[in-house]
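Okay, here's what each chain looks like letter by letter:
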Amino acid sequence: MRNYKNILVGMLCLVLVFMAGCSTTQNSSEKQEEKEKNVNMIFSFKAANLDPHTGFIPIRAGLTETLLKLDDKSNIEGWLAERWETTDNEKWVFEIRDDVKFQDGKKLDAESVKQSLERSIEANESLGDSLKIKSMEADGQALTIHTTEPYPALPSELVNPYTSIVNMEEAKKDGEEAFRNNPIGTGPFKVKEFKSNQFVEVEKNEDYWAGEPKLDSAKIKFNEDANVRALALQSKEADVVYNLPAESLDTIEKDNKLRVESIPGLRAHFVLYNSQSKNVKDLKVRQALDLLIDRKSVVNDIMLGHGLEANGPFNSTLPFGLDEEVSELNVEKAKSLLTQAGYKENAEGLMEKDGKPLTLELVTYKARPELPLIAQLLQSDASKAGIKIDIKTVENADTHLVENKDWDLATYSNNTSPRGDGSYFFNTAFTETGALNVGKINIPELNTIIEKLNRTTDLDERTKLTQDASKVINKEVAHSYAVYPNIIIGMNKRIVNWEPTAEEYYILTHNMDVK
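Note that this is a predicted model, so its numbers are computed, not measured.

### Quick look at helix α17 (residues 459-476)
(1) Moving on: Compared with the 26 Å implied by 1.5 Å per residue over 18 residues, the 26 Å span of α17 between its first and last C-alpha is a close match.
(2) Moving on: When we look at burial in α17, the residues that qualify are Arg462, Thr463, Leu465, Thr466, Ala469, Ser470, Val472 and Ile473.
(3) Moving on: In this structure, the buried residues of α17 make contact with α15 (423-429), α16 (444-455) and β21 (479-492).
(4) Moving on: The residue sitting at the N-terminus of α17 and contributing the capping side-chain oxygen is Asp458; that oxygen lies 3.2 Å from the backbone nitrogen of Asp460.

Here it is in structure tokens:
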């Protein structure tokens, strides 16, 4: 009996030891999980590479930074540059922060900034025109920039993510391909793994100059399908998802672990016309199409209230937005304008000229889920005026619009005032060398105003010139603005210390945390 008891006691001890071991292992695993702070995000656009001088992903993923940035009220403030000054708007001196290192440990100085800006201009042709840099001199932490003309807009242009500062000495050593897949910046995160057009995984830069990042790592996937992004958020596969389709919000908001942020942005969704197209070259035709955009339906039926009807390139709530009435859908007036343009209604109800019905090709893309729906709405209303619209959905709208000339119009979207000013959009979307001028727009009256705006420093005068330029764009119907959409972001409630911002530049920050 005593032996039997001894055996039972022994077995019990073994069980307790085993349980204690398991508990220790489990606790260790839990502690490890507690230590690791990771987030998963999904962006709506693919990235073929991480070249910061031709794409926005590096700055959005916290890899790179610029000399200047925008605060939460869209005012310009120092970032890698602590301060700057000019006496004539032609010679600028930027004092580079003395406490910043690249992610490989190299100290940031004015020479590094000079080399990086030189490379950005070489890699991105449009930057040469927007920065207007004639020469640069580096002396310790002081960078002197001479512009080709008095240029008060230079600080605003240095907010541009394409001017991200990277270690070019390391880039030259590793080669172009390595640089494009793993740029060495100054941001709070550095590249751990990158798969072209699929994802980038980043890990924290423990020596980040503004303080150790709260997160250990983040994985950012690229997916242009809005429904897939919404489902990933609902399944908790993703913690933060940008550009959710409005129709998915009710379901997401019923989940007590998720929340939705819908914030007024600085973006406009609009119809872009191809000035090289014979079909829309006639102003009367563009005026007719402008009257066939049902802006009220876009806001109420497509955006489900998450936006404002547009009356120009800039949100009407901004100081330099227009105080004008929004154009309303008017099919009869559109038909009248087409008649003035020489079109006649045929037996099938189609408007035709010289025996050819007015048939247009409209390009759209899915990354912004509202754009294909706006295209369909316009197609439907245009048919009532006798215009046939064929919709072509493409994967990469920017590339398609640049490489092809046979399109007539496109539903498009731009952040029109990302730097709290209208000059960026005017210079990139309407000047001859503008990177966003895929429709090859050239309006002499508008060019004159833009040139004057670029030389003007007085804030009130700049506001007036911006509004004057917007009125010319509306008069010439260079674009047809449909809606100022809210930015709709879904996130898991475990995300803390982070709020989305209107400029859509600074997404993964060193303050973002999880609970």
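After that view, the rundown keeps rolling.
### What to know about the sheet that holds strand β17 (residues 356-357)
(1) Moving on: In spatial order, the strands read β15-β16-β17; together these three strands make up an open sheet with antiparallel pairing. Of all the strands in the sheet, the pair left with one neighbour each is β15 (344-345) and β17.
(2) Moving on: The pairing of strand β16 (residues 351-353) with β17 spans two bridges and is antiparallel. Following the sheet pairing, Lys353 is matched in β17 by Lys356.

### A few points about empty space enclosed by the protein
(1) Moving on: Throughout the structure, instances matching the rule amount to two cavities of 30 Å³ or more.
(2) Moving on: In this structure, the largest cavity is lined by Asn243, Leu244, Arg267, His269, Arg368, Pro369, Glu370, Pro485, Asn486, Ile487, Ile488 and Glu504.
(3) Moving on: Elements with a minimum of two residues in the lining of the largest cavity: β13 (267-273) and β21.
(4) Moving on: Residue composition of the lining of the largest cavity, grouped by class: five nonpolar, three polar and four charged.
(5) Moving on: Put simply, the second largest cavity is a space of about 30 Å³.
(6) Moving on: Around the second largest cavity sit Pro245, Ala246, Glu247, Ile302, Pro369, Glu370 and Leu373, which together line it.

### Concerning the layout of surface pockets
(1) Moving on: Volume-wise, the second largest pocket comes out at about 740 Å³.
(2) Moving on: Around the second largest pocket sit 32 residues that line it, and Ser74, Phe320, Arg419, Gly420 and Asp421 are the ones nearest its centre.
(3) Moving on: If you list the elements that add at least two residues to the lining of the second largest pocket, you get α5 (154-157), β14 (307-309), α17 and β21.
(4) Moving on: The leading source of residues in the lining of the second largest pocket is α17, at four residues.
(5) Moving on: Counted by class, the lining of the second largest pocket contains 13 nonpolar, 15 polar and four charged residues.

### Re the sheet that holds strand β7 (residues 142-147)
(1) Moving on: Across the sheet, which stays open at both edges, the four strands sit in the order β4-β5-β7-β6 with antiparallel pairing between neighbours. Two strands bound the open sheet, and with one partner strand each, they are β4 (81-86) and β6 (133-139). With direction set aside, neighbouring strand axes in the sheet form an average angle of 20°.

### Some words on the packing of helix α10 (residues 283-290) against helix α12 (residues 331-340)
(1) Moving on: One way to put it is that α10 packs onto α12 with a least axis distance of 8 Å and a crossing angle of 170°. Viewed along their axes, α10 and α12 adopt a mutual orientation that is roughly antiparallel. Counting all contacts with α10, which are made through Lys284, Val285, Gln287 and Ala288, the residues of α12 involved are Ala334, Leu337, Leu338 and Gln340.

### Some details on helix α3 (residues 110-123)
(1) Moving on: Taking 1.5 Å per residue, 14 residues should reach 20 Å; α3 reaches 20 Å between its end C-alpha atoms and fits that length.
(2) Moving on: Buried residues along α3 sit against β5 (91-96), α4 (125-131), β6, β7, α6 (168-174) and α7 (176-181).

### A closer look at the packing of helix α11 (residues 295-302) against helix α13 (residues 370-384)
When two helices pack together, their arrangement is given by the angle between the helix axes and the distance between those axes.
(1) Moving on: It is the contact of α11 with α13, at a shortest axis distance of 11 Å, that shows an interaxial angle of 135°. Considering their axes alone, α11 and α13 lie oblique with respect to each other. The element α11 and its partner α13 pack so that their crossing is right-handed. Seen from α11, the contacting residues are Ser297, Val298 and Ile302; seen from α13, they are Glu370, Leu373, Ile374 and Leu377.

### Some thoughts on the nonpolar core
(1) Moving on: By size, the foremost hydrophobic cluster in this structure holds 73 residues, and its most contacted members are Ile387 and Phe430.
(2) Moving on: The element best represented in this core is α13, accounting for six residues.
(3) Moving on: Counting residues in each nonpolar core, the second largest holds 34 residues, with Leu68, Trp92, Leu131 and Met136 among its members.

### Comments concerning the UniProt feature "domain: Solute-binding protein family" (unreviewed entry) in the protein
(1) Moving on: Those residues carrying the UniProt feature "domain: Solute-binding protein family" (unreviewed entry) are residues 76-435 in this numbering.
(2) Moving on: Helix makes up 30% of residues 76-435 and strand 26%, with an end-to-end C-alpha separation of 23 Å.

### Details of the side chain of Asn415
(1) Moving on: Relative to the helices and strands, Asn415 is located in strand β20 (residues 409-415).
(2) Moving on: Aside from chain neighbours lying at most four places away, what touches Asn415 is Leu266, Arg267, Tyr424, Ala502, Glu503 and Glu504.

### Details of the packing of aromatic side chains
(1) Moving on: Enumeration over the complete set of coordinates arrives at 17 aromatic pairs.
(2) Moving on: The interplanar angle of 50° and the centroid separation of 5.3 Å between the aromatic rings of Phe270 and Tyr481 together place this pair among those described as tilted. Note that Phe270 is positioned in strand β13 and Tyr481 in strand β21, a separation of 211 residues in sequence. Taken individually, Phe270 and Tyr481 each receive the classification buried, so the pair is uniform in this respect.
(3) Moving on: Geometrically, the ring pair formed by Phe314 and Phe425 is edge-to-face, given 6.3 Å between the ring centres and 80° between the ring planes. You can see Phe314 sitting in the loop between β14 and α12 and its partner Phe425 sitting in helix α15, a full 111 residues away along the chain.

So, how was this worked out
Residues numbered from 1 in each chain as written. Predicted model: local features only at pLDDT ≥ 70, side-chain atom pairs only at ≥ 80, totals over all residues. Heavy atoms only, no water. Helix = DSSP H or I, 4+ residues; strand = E, 2+ residues; numbered from the N terminus. Expected span 1.5 Å × (residues − 1). Buried < 20%, exposed > 50% of the residue type's maximum accessible area, 1.4 Å probe, protein only. Contact = heavy atoms within 4.5 Å. Polar contact = N/O pair within 3.5 Å; in protein donor to acceptor, adjacent residues only side chain to side chain. Pairing = 2+ DSSP bridges. 1 Å grid on protein atoms, 1.4 Å probe; cavity = no way out; pocket = protein on both sides within 12 Å on 5 of 7 lines; lining within 4 Å. Points joined across faces, edges and corners; volume = space filled by probe spheres on them. Nonpolar A, V, L, I, M, F, W, Y, C, P; charged D, E, K, R; others polar. Axes fitted to C-alpha atoms, helices over the stretch in contact; angles between N-to-C directions. Parallel < 35°, antiparallel > 145°, perpendicular 65-115°, else oblique. Left-handed = near helix turned anticlockwise from the far one by under 90°. Core = buried A, V, L, I, M, F, W, Y, C linked by side-chain atoms within 4.5 Å. UniProt positions renumbered as here; feature names shortened; annotations may be inferred. Phe/Tyr/Trp six-rings, centres within 6.5 Å; stacked < 30°, edge-to-face > 60°.

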